[in-house]
Amino acid sequence: MTDALMETYARFDIAFERGEGAYLYTATGESYLDFASGIAVTSLGHGHPHLVRALQEQAARLWHVSNLFRIPEGERLAARLAERTFAERVFFCNSGVEAIEAGIKLVRKYHDATGNPKRWRIITCSQSFHGRTLTAIAASGNPKYMEGFSPAVPGFDHVAFNNMNELRNAITDETAAILVEPVQGEGGVRPADLEYLRAVRQVCDEYGLLLFFDEIQCGMGRSGKLFAHEWSGVTPDVMAVAKGIGSGFPLGACLATEKAAQGLTPGTHGTTFGGNPLAMAVGNAVLDVILEDGFLDAVDRTARDLWQRLQDLVRRYPQVIEEVRGAGLMLGLKCVVPNTDLMAALRKEHMLTVGAGDNVARLLPPLIIREAEVSDAMQRLERACRALAEG
Ligand SMILES: *Cc1c(COP(=O)(O)O)cnc(C)c1O
């Protein structure tokens with residue numbers, strides 16, 4: 001069959017037909033343990049009955065009306081997010097990069113509206129990832145994603161991650177904000193030091209800059225708290241959220257304080273599809289589950305158990321894996337062998353993972369996994385590591 005799809009992806013030759021919980025099934029009935037979650041997206045696993053029901057009921061009622069009208073489900077989801085976070089205002093969109101774009105526009109508009117239009121540049125970190133639009137690849141600054149797409153969108157200054165000296169030195173009269181992932185995902189599953197996040201907050205306050213967290217991957221419960229920055233005790237002024245918030249339904253959100261969002265008055269930003277009733281029904285259903293009593297505690301407990309057992313695996317197979325890193329159920333195995341070899345050996349064991357920078361294999365299981373899935377994963381990891389060690 002000639003492939004009519006653009007060749008932007010080097011896909012694995014596997015297609016899934018159905019999913020249930022942490023498992024995916026091919027048309028021929030082969031099952032795979034899904035520790036990829038569609039790149040940290042299907043946070044509540046596949047076919048979650050509460051989400052399926054919410055989407056089906058909404059689908060039978062109303063799909064789309066546009067943002068020319070009030071959308072009560074969206075008002076409710078925004079209020080619930082605001083209640084549980086630093087934020088007072090929410091803008092809904094369809095993807096991560098749109099949440100980043102909304103945040104970048106918010107930052108520039110804030111300084112413009114408060115009499116500092118010359119403040120427009122944003123400091124970002126090396127090895128960061130903020131999405132694939134022209135603006136987002138310039139923000140990330142990864143040469144691999146920018147090659148052939150010159151000229152780069154201006155306005156971004158890059159500093160080393162977790163390095164306060166470089167950050168301080170990069171601040172100028174034109175600096176508007178600092179954009180950081182509390183846990184870097186694509187760059188290699190690297191958590192920010194909690195001390196670093198606190199110091200970044202301080203420097204923002206000192207210079208009147210907005211602090212902008214990208215929690216598209218590490219947010220929505222993946223770290224064991226609703227948002228990863230909660231571990232640091234400091235809050236941002238702006239935050240981009242997506243991936244897990246729809247558990248597979250395309251949904252993104254830009255959250256901000258009322259003060260930071262003051263420039264975004266009617267007509268300054270918009271989206272046709274963002275926040276439509278289908279997405280809002282699913283978003284509310286996802287929150288129902290994540291905010292249930294004990295859900296995040298269970299994520300934290302499961303993550304600590306998995307972490308311990310992965311540490312043990314590293315001790316026994318130092319010729320395959322050199323380190324476990326990450327936070328909660330966002331874990332990276334820094335490989336000694338090429339990460340693609342470990343991921344291929346795991347695929348042979350019918351376990352799915354995701355690659356990341358710095359030769360890391362990412363483990364991004366759905367947040368609903370418990371002891372049984374952790375044990376299953378460890379057996380598959382053990383067999384894959386043994387095969388590579390003997391290979
Ligand atoms: C995935 C991701 C994005 C981009 O999200 P899209 O939905 O692919 O646009 C941005 N930032 C981080 C941290 C991500 O993990």
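The rules behind these values
Residues numbered from 1 in each chain as written. Predicted model: local features only at pLDDT ≥ 70, side-chain atom pairs only at ≥ 80, totals over all residues. Heavy atoms only, no water. Helix = DSSP H or I, 4+ residues; strand = E, 2+ residues; numbered from the N terminus. Rg over C-alpha atoms; globule rule 2.2 N^0.38 Å. Contact = heavy atoms within 4.5 Å. Areas by Shrake-Rupley, 256 points an atom, 1.4 Å probe, with all protein chains shown as cover. Lys, Arg positive; Asp, Glu negative; His and termini not counted. Charge placed at Lys NZ, Arg CZ, Asp CG, Glu CD. Pairing = 2+ DSSP bridges. Axes fitted to C-alpha atoms, helices over the stretch in contact; angles between N-to-C directions. Near = heavy atom within 4 Å. Polar contact = N/O pair within 3.5 Å; in protein donor to acceptor, adjacent residues only side chain to side chain. Parallel < 35°, antiparallel > 145°, perpendicular 65-115°, else oblique. Left-handed = near helix turned anticlockwise from the far one by under 90°. 1 Å grid on protein atoms, 1.4 Å probe; cavity = no way out; pocket = protein on both sides within 12 Å on 5 of 7 lines; lining within 4 Å. Points joined across faces, edges and corners; volume = space filled by probe spheres on them. Buried < 20%, exposed > 50% of the residue type's maximum accessible area, 1.4 Å probe, protein only. Domains from an automatic or database assignment. Buried area = accessible area lost by both parts, 1.4 Å probe. Salt bridge = Lys/Arg side-chain N within 4 Å of Asp/Glu carboxyl O. Nonpolar A, V, L, I, M, F, W, Y, C, P; charged D, E, K, R; others polar.

S.K.: Is there a simple way to explain the overall build of the protein chain in this structure?
M.R.: When helices and strands are tallied, the protein chain shows twelve helices and 17 strands. The C-alpha radius of gyration computed for the protein chain amounts to 21 Å, which stays within 12% of the reference 21 Å derived for 391 residues, consistent with globular compactness. When the backbone C-alpha atoms are referred to their principal axes, the protein chain occupies close to 65 × 55 × 50 Å. The contacts of the protein chain with a sequence gap of at least 6 include a subset with a gap of at least 24, amounting to 73%. Accessible surface for the protein chain amounts to roughly 17900 Å². Of this, 51% is attributable to carbon and sulfur atoms. Each charge sign in the protein chain was given a centre, from 39 positive and 48 negative side chains, and these centres are 1 Å apart.

S.K.: Would you take a moment to explain the sheet that holds strand 7 (residues 175–180) for this structure?
M.R.: Pairing between the strands of a sheet is mediated by backbone hydrogen bonds and can be parallel or antiparallel. Overall, mixed pairing links the seven strands, which are arranged 4-12-11-10-7-5-6 in an open sheet. Every other strand in the sheet has two partners, leaving strand 4 (89–93) and strand 6 (156–159) as the edge strands with one partner each. Adjacent strand axes in the sheet meet at a mean angle of 20°, parallel and antiparallel pairs treated alike. Relative to strand 12 (residues 252–256), strand 4 runs antiparallel, the two sharing five bridges. Counted as the bridge partner of Val90 is Leu255 from strand 12. Taken strand by strand, helix 3 (residues 72–84) contacts strand 4 and strand 12, and its axis lies near 130° from that of strand 4.

S.K.: How should I be thinking about the sheet that holds strand 13 (residues 321–327) in this particular structure?
M.R.: Strands sit in the order 13-14-17-16 across an open sheet of four strands; the sheet is antiparallel. The sheet is open, and its two borders are formed by strand 13 and strand 16 (354–356), each paired with just one other strand. The sheet shows a mean angle of 30° between the axes of neighbouring strands, direction not considered.

S.K.: Looking at this structure, I do not really get the site of the ligand. What am I missing?
M.R.: The environment of the ligand is formed by Ser95, Gly96, Val97, Phe129, His130, Gly131, Glu181, Asp214, Ile216, Gln217 and Lys243. For the ligand, an oxygen atom lies 2.8 Å from a polar atom in the backbone of Gly96. Between Phe129 and the ligand, the recorded distance is 3.1 Å, taken from a backbone N or O atom to a nitrogen atom. Across the complex, the protein chains shield 82% of the 380 Å² of accessible surface that the ligand would expose by itself.

S.K.: What exactly am I supposed to notice about the packing of helix 11 (residues 339–348) against helix 12 (residues 371–390) here?
M.R.: Axis angle and axis distance: for two packed helices, these are the angle between their axes and the distance between the axes, and together they describe the pair. Two numbers describe how helix 11 lies on helix 12: the axes approach to 9 Å, and their chain directions differ by 125°. As the angle between them shows, helix 11 and helix 12 are arranged oblique. At the point where helix 11 passes helix 12, the crossing takes the right-handed sense. Touching Asp341, Leu342, Ala345 and Leu346 of helix 11 are Arg380, Leu381, Ala384, Cys385 and Leu388, all from helix 12.

S.K.: Got a minute to help me understand empty space enclosed by the protein in this structure?
M.R.: Gaps left between atoms are located by rolling a probe of water-molecule size over the structure's atoms. Following the criterion strictly, the structure yields one cavity of 30 Å³ or more and no others. What lines the largest cavity is Ala40, Ser43, Ile216, Gln217, Gly219, Met220, Arg222 and Gly244.

S.K.: What is the right way to look at the side chain of Ser247 in this model?
M.R.: Locating Ser247 in the fold gives a position in the loop between strand 11 (238–241) and strand 12. A polar contact of 3.0 Å, which involves the side chain of Ser247, links it to the backbone nitrogen of Leu44. Not counting chain neighbours up to four residues away, the residues in contact with Ser247 comprise Val41, Thr42, Ser43, Leu44, Gly45, Leu51 and Val286.

S.K.: What am I meant to see in unusual backbone geometry here?
M.R.: Generally, phi is negative for residues other than glycine and the peptide bonds are trans, each holding for most cases. In this structure, the amide linkage connecting Ser150 to the following residue, Pro151, adopts the cis form with an omega of 0°. The residue Pro151 is located in the loop between helix 6 (143–146) and strand 6 in this model. The phi dihedral of Ser66 is positive, around 85°, even though this residue is not glycine. Mapped onto the elements, Ser66 comes out in the loop between helix 2 (49–61) and helix 3. Residue Ser66 is classed as buried on the basis of its relative accessible area, which comes to 16%. Unusually for a residue other than glycine, Asn359 sits at a positive phi of about 60°. Among the structural elements, Asn359 can be located in the loop between strand 16 and strand 17 (360–363).

S.K.: Got a minute to help me understand the domain arrangement of the protein chain in this structure?
M.R.: Domain boundaries assigned for the protein chain yield domain 1 (16–47 + 293–389) and domain 2 (50–290). Put simply, the middle of domain 1 and the middle of domain 2, counted by C-alpha atoms, are 26 Å apart. Summing both sides of the interface, domain 1 and domain 2 together bury roughly 2200 Å²; the carbon and sulfur share of this comes to 63%. Broken down residue by residue, the surface that domain 1 buries against domain 2 is led by Leu44, Leu296 and Met330, which jointly contribute 29%. Seen at the junction of domain 1 and domain 2, the total is two salt bridges. The tally of links from domain 1 across to domain 2 stands at ten residue pairs in polar contact (both at pLDDT 80 or more). For the side of domain 1 that touches domain 2, the secondary-structure elements that each account for two or more residues are helix 1 (37–40), helix 10 (295–316), strand 13, strand 14 (330–335) and strand 17. Top contributing element to the side of domain 1 that touches domain 2 by residue count: helix 10, with five residues. When its residues are assigned to classes, the side of domain 1 that touches domain 2 shows 17 nonpolar, nine polar and five charged.

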